[in-house]
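Here is what each chain is made of, one letter per residue.
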Amino acid sequence: MEKELYNSLVLDTYIRLIKVKYPEILVEDLMEYAGIEKYEIGDPTVWFTQTQVNRFHEKLGTITDNLKVAREAGRFAAEPNSLGELRGMIVSLGGICNAFRFMGRYARRLNRSSSYITRKISRNQMEVTVTPFEGVTEQKFQCENRQGNFKGIADLFAHKEITISHPECLFEGGKQCRYIISWKESALSHVSRVKKILGVLSLIMAILWFPILGSLVPTATVIGVLILFLVLGWLTEKAKLSKIIASLNQVYDTKEELLKQIDINSENAQVIIDIGQALRLGRPDASTIDRVAQITGQRLKYDRVMIMIANEERTQLLYHGGSGFSRQEQSYLRHYRISLEQPSEGVFVEAFIRAEPILVNDMEKLREKSTPRSFRPAEFMKPLAFIVCPVTYDETVVGIIVAGNIETPKKMGRNDKNLMMGVAQQIGSAFHKQKIEAEYEAINRHLVQVQKTEALGVLASGIAHDFNNILSPIMGYTDLCLTHPQVRGETADYLHRIKKASGRAQDLVRQILAFSRQGKQEFVEISISAIVKETLLLLRASMPANIEIKKNIYPNLKPILADPTTIHQVVMNLCTNAYQAMGDRGGVLTVTLTQEEILSGPLTDTLDLPPGPYLKLSISDTGSGMPKEIRDRIFEPYFTTKELNKGTGLGLSITHNIIRQLKGHIEVTSVPGQGTCFDVYLPQMKESAAPQKTETVKTIPGGTETLLVVDDNAPVLEMVEEVLSEKGYRVAAFLDPSRALDFFRSHPQAIDLVITDMTMPGITGLTLAKKMMEVKPGIPVLLCTGYSEGVYESSVLELGIKALFIKPLDINRLSAAIREELDRYFKNQSR
């Protein structure tokens, strides 16, 4: 643990100096940076480490931009408002030598870092030696602080002609810091010395003048020496009195100056407080920033104030408010931009980039070293002198504040810089607060959208489950009808159409499940022409009648490898975005589907795609178009330009992610007022798989075994029971899983195979299967589910279940699995 070396009274001097000369500095920030609590300052029982003192001085030097601040604090330590009653004690010691001795002893009470030794060399010379203790590493600013303190002590005794030499220094290779303090003796000192000599001489002569020895010293001589002694005494006392009066007058003048400075500092601090209150009353909009500029100008005596803030992309500085400008000038400034992408050497941009204040007191000199373009912003202010100060928060520059005078030839100095830094800090904090509030609102909106999406996902999963249960009997009975030899001709054609429509409905359910993140993406070879046409048919019903749809779909396009539902989603999102961009005005939605061979060259570099054959989907509209700043952000999640409740900001982001997963690319071109075009490139399959054969209904053999079927949905249960009975099986069907388990426990040997639904009241399909397999190990169990519910085929098979079927049930696939599992079961039983 680091040693505590310095009493808090050491830093208390710095705090007093800051309050008097740097009131705009937030002392709390200094102490926080140094790791010091506010209550610790000024408490003589509290001590600080070298690191804490170092960090305090480092931060103070940066804020004040004063390399001599430690020397200034040392000298300030001897001033009345710092020493207090201790000042009177030092003055009463009777001389500067005694004062240095006293301060040497007092310094040893304030630090544990080093030893202080004072030694009188002559009447007007003192030596002070400071030697750090072992293990202590002092810094150079502490040496400068001591020298300032020596000068402050000399000030107490009005020794203006003081010289401090530093023959040995720790920071220049020495083992210690040794100081020689010399001063020129005053006439009063010489007179006082003569007076002392005369006093002694008078005493001797008085003794010799007694009657016994009277003949030795003439009476006139004794009287003359006494008179001279009294005159010198009177002159000495008068000189001392004059010196005391002069000292009192100096103290009075200093007090008046301090009071005056305190009033100025109080006024300046109040200005910063007023600015902070103005900014806290509302968001930093144009009127608020104008008010801040007006307070700054009126209270700090600036003729013109201008505040410019960088845009979100940090490419330009924009005018946000000001004071002292005419209406015409303000109108011009609201449209004025200072580029940060191609920065000039102008002082406005320089202050922004360097994050440092810049003072200009010579406009002609600035004009000489500036280009006409870089001088233009400064020239517009028309000042005699001005200051540019960066507006920052969290060490990030967000803008600049410019203040200057066009009438009063006031030169800009350190006080102006410190004040403007205080004002800039308040403005930066306001913009920081605004950013945090905006981010908070965005997070809240994001959270609401996520909650909505989750709620829709749960709803979609439920709908998908019920819809699959509805589709299962439709598709099952259709397959059952198609297996009858009597069904031919138009009847068979109608049934095939029903099955095809059911397949499309099944795809729709898969899309709902994909939306709720319950479905599993399956990449297959597809031709997206049919998907585009089907999507446009669906959209036509929801589009306004004044929007015309034009289709340019080229024939014989090579297939791609993708999930049909995600392709449907891409087309739906882009077309919906297009017709919403046209709105009530109407227009033309053009959908073009072609194929394009991308070769090596500029196009592959631009699109970031490897060479090869690509399917190109172009969706364009004649809507309002987009400016560049919006076009660059349209694929960001939750970014939307639509009104509240008119869009989630997820459509284009989802589309972009889908295309990236397919190793494709999406390009957008848009012209405000003319429309937008999205070009989607998807890689085509180089070799297509063998052409699919026309679907034929294959007759799956049945059997005479006994099957136990459990499903809480009556139509599904009836369909499965009827289809399996038709194939010759004996079927025990149960809507209640508990009754099915009781039956199985009573007749385990009678049941040859179990088919169970997953989601049922009371007992899930998995639990039911486990209990039945405990009663009759090895019995084949087939599990069915309306959607995945987090149950995957691999995990199901590990539990001993033979197959997992996703509803709607494909009755032919189910029949084939039943036959296969029964044959395997009986074959294993016969071994």
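None of the values given here were measured: they were computed from a predicted structure.

(A) Representation of the overall build of the protein chain. Scanning the protein chain from N- to C-terminus turns up 27 helices and 24 strands. Counting only residues that meet the buried cut, the protein chain has 44% of its 831 residues in that class. Put simply, 68% of the contacts in the protein chain that link residues at least 6 apart link residues at least 24 apart.

(B) Region of interest: the pairing of strand S17 (residues 612-621). Counting buried residues in S17 gives nine out of ten residues, a clear majority hidden from the surface. Taken together, the nine bridges between strand S16 (residues 587-598) and S17 define a ladder with antiparallel strand orientation. What sits directly across from Glu597, in S17, is Pro613. Pairing of S17 with strand S19 (residues 675-683) involves eight bridges; the strand directions are antiparallel.

(C) Local environment of the sheet that holds strand S5 (residues 162-168). Across the sheet, four strands lie side by side as S3-S4-S6-S5; this open sheet has antiparallel pairing. Looking at the sheet topology across the chains shown, the edges are occupied by strand S3 (114-122) and S5. The mean angle between the axes of side-by-side strands here comes to 20°, regardless of whether they run parallel or antiparallel. As paired strands, strand S4 (residues 125-132) and strand S6 (residues 177-183) are joined by six bridges and run antiparallel to one another. Bridge pairing links Glu127 to Ile180 in S6. Docked against the sheet, helix H7 (residues 96-110) engages S3, S4 and S6, running at close to 170° with respect to S3.

(D) Just unusual backbone geometry, in detail. With an omega of 0°, the peptide bond between Lys807 and Pro808 qualifies as cis. Position of Pro808 among the secondary structure elements: in the loop between strand S24 (803-806) and helix H27 (811-829). Residues other than glycine seldom take positive phi values, yet Ala355 does so here, at roughly 60°. On the secondary structure map, Ala355 appears in the loop between helix H13 (347-354) and strand S10 (358-360). A relative accessible area of 39% places Ala355 in the partly exposed class. A positive phi angle, near 60°, is found at Lys663, a position not held by glycine. Relative accessible area serves as the criterion here: at 64%, Lys663 is assigned to the exposed category.

(E) Spatial organisation of the side chain of Thr590. Among the structural elements, Thr590 can be located in strand S16. Look at Thr590 and you get buried, because its relative accessible area is 18%. Here Thr590 is in contact with Lys550, Asn552, Ser618, Ile619 and Ser620, once residues within four sequence places are set aside.

(F) Examining a negative patch on the surface more closely. Taken together, the side chains of Glu718, Glu721, Glu722 and Glu726 define an acidic patch exposed on the protein surface. Structurally, Glu726 is set in helix H23 (residues 714-726). Judged by relative accessible area, which is 46%, Glu726 ranks as partly exposed.

(G) View of the environment of Ala385. With respect to the secondary-structure elements, Ala385 resides in strand S11 (residues 385-393). For Ala385, a relative accessible area of 3% corresponds to the buried category. For the pair formed by Ala385 and Lys410, sequence separation is 25 residues and the distance between their alpha carbons is 7.0 Å. Setting aside residues up to four positions removed in sequence, Ala385 forms contacts with Val360, Asn361, Ala403, Gly404, Asn405, Lys410 and Met412.

(H) Geometry of the nonpolar core. With 36 residues, the main nonpolar core has Ile567 and Leu589 as its most contacted residues. Secondary-structure elements contributing two or more residues to this core are helix H18 (528-542), strand S15 (560-562), helix H19 (564-582), S16, S17, helix H22 (651-661), strand S18 (665-671) and S19. Here this core gets eight residues from one element, more than from any other, and that element is H19. In contact with Leu589, not counting residues within four places along its chain, are Met543, Ile547, Glu548, Ile549, Lys550, Cys575, Ala578, Met582, Ile619 and Ser620.

(I) Layout of the sheet that holds strand S21 (residues 730-734). Taken in spatial order, the five strands make up an open sheet running S21-S20-S22-S23-S24, and their pairing is parallel. Each edge of the sheet is formed by a strand with only one pairing partner; in this case those strands are S21 and S24. Sheet twist, expressed as the mean angle between neighbouring strand axes with direction ignored, is 20°. Relative to S24, strand S23 (residues 781-785) runs parallel, the two sharing four bridges. Paired with Thr785 across the two strands is Ile806, which belongs to S24. Here H23 sits on the sheet in contact with strand S20 (706-710), S21 and strand S22 (753-757), set at roughly 175° to S21. In this fold helix H24 (residues 737-746) packs onto S20, S21 and S22, with an angle of close to 155° to the strand it touches most, S20.

(J) Highlighting the packing of aromatic side chains. This model, assessed by the stated rule, comprises seven aromatic pairs. Between the aromatic rings of Phe100 and Phe150, the centroid separation amounts to 6.0 Å while the plane-to-plane angle is 65°, which identifies the pairing as edge-to-face. With Phe100 in helix H7 and Phe150 in helix H8 (residues 140-156), this residue pair connects regions lying 50 residues apart in the sequence. Accessibility expressed as a relative area gives 2% for Phe100, which makes it buried. Ring geometry for Phe734 against Phe743: centres 5.3 Å apart, planes inclined by 45°, an arrangement best described as tilted. Aromatic ring contacts, followed pair by pair, group Phe100, Phe150 and Tyr179 into a single cluster.

(K) Representation of a nonpolar patch on the surface within the structure. Residues Ile470, Ile474 and Ile498 make up a contiguous nonpolar surface patch of about 240 Å² in total accessible area. Following the sequence through the fold, Ile498 ends up in helix H17 (residues 489-515).

(L) Representation of the pairing of S22 within the structure. Of all five residues making up S22, five are buried, and the element is well covered by its neighbours. Every second residue of S22 is oriented toward a common face, with Leu753, Ile755 and Asp757 on one face and Val754 and Thr756 on the other, all of them buried. Note that S20 and S22 share four bridges and pair parallel. Residue pairing for S22: Val709 is matched across the bridge by Ile755. As paired strands, S22 and S23 are joined by four bridges and run parallel to one another. The residue of S23 that forms the bridge with Asp757 is Cys784.

Criteria and thresholds
- Residues numbered from 1 in each chain as written.
- Predicted model: local features only at pLDDT ≥ 70, side-chain atom pairs only at ≥ 80, totals over all residues.
- Heavy atoms only, no water.
- Helix = DSSP H or I, 4+ residues; strand = E, 2+ residues; numbered from the N terminus.
- Buried < 20%, exposed > 50% of the residue type's maximum accessible area, 1.4 Å probe, protein only.
- Contact = heavy atoms within 4.5 Å.
- Pairing = 2+ DSSP bridges.
- Axes fitted to C-alpha atoms, helices over the stretch in contact; angles between N-to-C directions.
- Patch = residues over 30% accessible without salt bridge, like charges linked within 9 Å, V, L, I, M, F, W, Y side chains within 5 Å.
- Areas by Shrake-Rupley, 256 points an atom, 1.4 Å probe, with all protein chains shown as cover.
- Salt bridge = Lys/Arg side-chain N within 4 Å of Asp/Glu carboxyl O.
- Lys, Arg positive; Asp, Glu negative; His and termini not counted.
- Charge placed at Lys NZ, Arg CZ, Asp CG, Glu CD.
- Core = buried A, V, L, I, M, F, W, Y, C linked by side-chain atoms within 4.5 Å.
- Phe/Tyr/Trp six-rings, centres within 6.5 Å; stacked < 30°, edge-to-face > 60°.

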